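What the coordinates show
For reference, the chains in residue letters:
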Amino acid sequence: MNEIYISSRPCLVICIVLIALLVPICDAKKCAFEAIFNFGDSNSDTGGFWAAFPAERPPYGMTYFKRPSGRATDGRVIIDFLAQGLGQPFVSPYLQSIGSDYRHGANFATLASTVGLPNTSLFVTGVSPFSLAIQLNQMKQFKVRVDELHSSGKTNLPPPEIFGKSLYTFYIGQNDFTGNLAYIGISGVKQYLPQVVSHIASTIKEIYALGGRTFLVLNLAPIGCYPAFLVELPHGNSDIDSFGCMISYNNAVVEYNDMLKEAMEQTRKNIPNANVIYVDIHTVMLELFQHPTAHGLKYGTKACCGEGGGAYNFNPKVFCGNSKIINGQTLNATACSDPYNYVSWDGIHATEAANKLVAYAILNGSYSHPAFSLYKYCDIQPFT
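Residues numbered from 1 in each chain as written. Predicted model: local features only at pLDDT ≥ 70, side-chain atom pairs only at ≥ 80, totals over all residues. Heavy atoms only, no water.

With respect to the sheet that holds strand 4 (residues 214-218)
In space, the six strands of this open sheet follow the order 2-1-3-4-5-10, with mixed pairing throughout. The strands lining the two open edges of the sheet, one partner per strand, are strand 2 (105-107) and strand 10 (368-369). Where strand 1 (residues 35-40) lies against strand 3 (residues 166-171), six bridges are found, and the strand directions are parallel. Across the sheet, the residue bridging to phenylalanine 39 is phenylalanine 170, located in strand 3. (Pairing = 2+ DSSP bridges. Helix = DSSP H or I, 4+ residues; strand = E, 2+ residues; numbered from the N terminus.)

This is the structure in structure tokens:
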């Protein structure tokens, strides 16, 4: 079984289960990709931000790691599942100096990162200083050090030839899209989105020059279905569709994604002998938000971890894991006991359960353009 068709909703879960059961389990884990190098924001950060600015707290990490693990969810993020599927350990954050092992790649993603260079400070607006340009420079420095230290026998670094045998993943752009959305509106954001897309394309070309040959570029999820944005972004009742998502904002995301897809098609023509794959996770996430019960979940546009209850369980004044006294009353943003039933973890990020379903779709290749199934390149290992 090689395909998952969202158009037949029950098939998503059935196919995922069948794929997991049919995957051969063998001692020799063979894969054409020996490492993963990831560029992104909180959707794929595995601990980089909190290594630089230690302050993480429960209930993040409650599901899989049973403790905060540097991830902005209850358990694993998509890149964790991809690594497990490829038979590799979790990808160590580049910024984490203690306990990291870079023999199978590095993760340059950090929470709150943007594609464009930030024009403000982390301590003013919360934007990460580690934009895509900085992450690219870190990648270049990583390669230089690998080349320099190879002969020294360092055991936690990969061999120099690893860069041509690696998977380069990009899941970034959401903060560029949403950072000023409430203030300048959709029309304002659209003014600089072409620059965002162009920067991603140019980054791929630079990594290609370093030896990279296979790139997976994830598009943006439907932010109009996220509880946090349903609460914070201005909209009227007429802008809400039958599934409870904001029509105008989701349409704007689709326009951005179309732009990104076109840019990846052009990039593919510009760099020979390379796989530049556009991955449509938007379609998968939209399906989960719209029909959660068809995929073993219960709640689409309601956050597991938050404060206030109601339709969204999100209070912008009290984020997940925090407490705050407002008007003499102590408000606590706590986690639900069943995050496996939710699409949204904290109003902004997906749960491990949703991330797992998206990861299966990526491994399968049904939502990749051009089609790109990792089953053709690796003995995909099952994960629970």
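Looking at the packing of aromatic side chains
In total, this model carries 26 aromatic pairs according to the counting rule given. Taking 5.6 Å as the distance between ring centres and 40° as the angle between the ring planes, the aromatic pair formed by phenylalanine 33 and tyrosine 377 counts as tilted. Here tyrosine 377 lies in the segment after strand 10 and phenylalanine 33 lies in the loop between helix 1 (9-22) and strand 1, a separation of 344 residues in the sequence. Where tyrosine 64 meets phenylalanine 90, the ring centres are 6.0 Å apart and the plane angle is 80°; that geometry is what we call edge-to-face. Of this pair, tyrosine 64 sits in the loop between helix 2 (48-52) and helix 3 (78-85) while phenylalanine 90 sits in the loop between helix 3 and strand 2, and the two are 26 residues apart along the sequence. Look at phenylalanine 90 and you get partly exposed, because its relative accessible area is 25%. Pairwise contacts between aromatic rings join Phe37, Phe39, Tyr94, Tyr102, Phe108, Phe142, Phe163, Tyr168, Phe170 and Phe215 into one cluster. Its end group placed over the ring of phenylalanine 90, arginine 71 keeps NZ or CZ at 5.4 Å from the ring centre. (Phe/Tyr/Trp six-rings, centres within 6.5 Å; stacked < 30°, edge-to-face > 60°. Buried < 20%, exposed > 50% of the residue type's maximum accessible area, 1.4 Å probe, protein only. Lys NZ or Arg CZ within 6 Å of the ring centre and 35° of its normal.)

A closer look at the state of the cysteines
Counted according to the given criterion, the structure contains four disulfides. The disulfide partner of cysteine 31 is cysteine 378, and the gap between their sulfur atoms is 1.9 Å. Taken as a pair, cysteine 31 in the loop between helix 1 and strand 1 and cysteine 378 in the segment after strand 10 lie far apart in primary sequence, 347 residues in all. The same class applies to cysteine 31 and to cysteine 378, which are both buried. Note on cysteine connectivity: cysteine 305 is disulfide-linked to cysteine 320, with sulfurs 2.0 Å apart. In this structure, the disulfide formed by cysteine 305 and cysteine 320 twists by about 90° around the S-S bond and is classed as right-handed. Of this pair, cysteine 305 sits in the loop between strand 6 (299-303) and strand 7 (323-326) while cysteine 320 sits in the loop between strand 6 and strand 7, and the two are 15 residues apart along the sequence. Looking at cysteine 305, the relative accessible area reads 1%, which means it is buried. Each bonded cysteine of the protein gets a number by its place in the sequence, and the pairs then read 1-8, 2-3, 4-7, 5-6. (Disulfide = S-S within 2.5 Å.)

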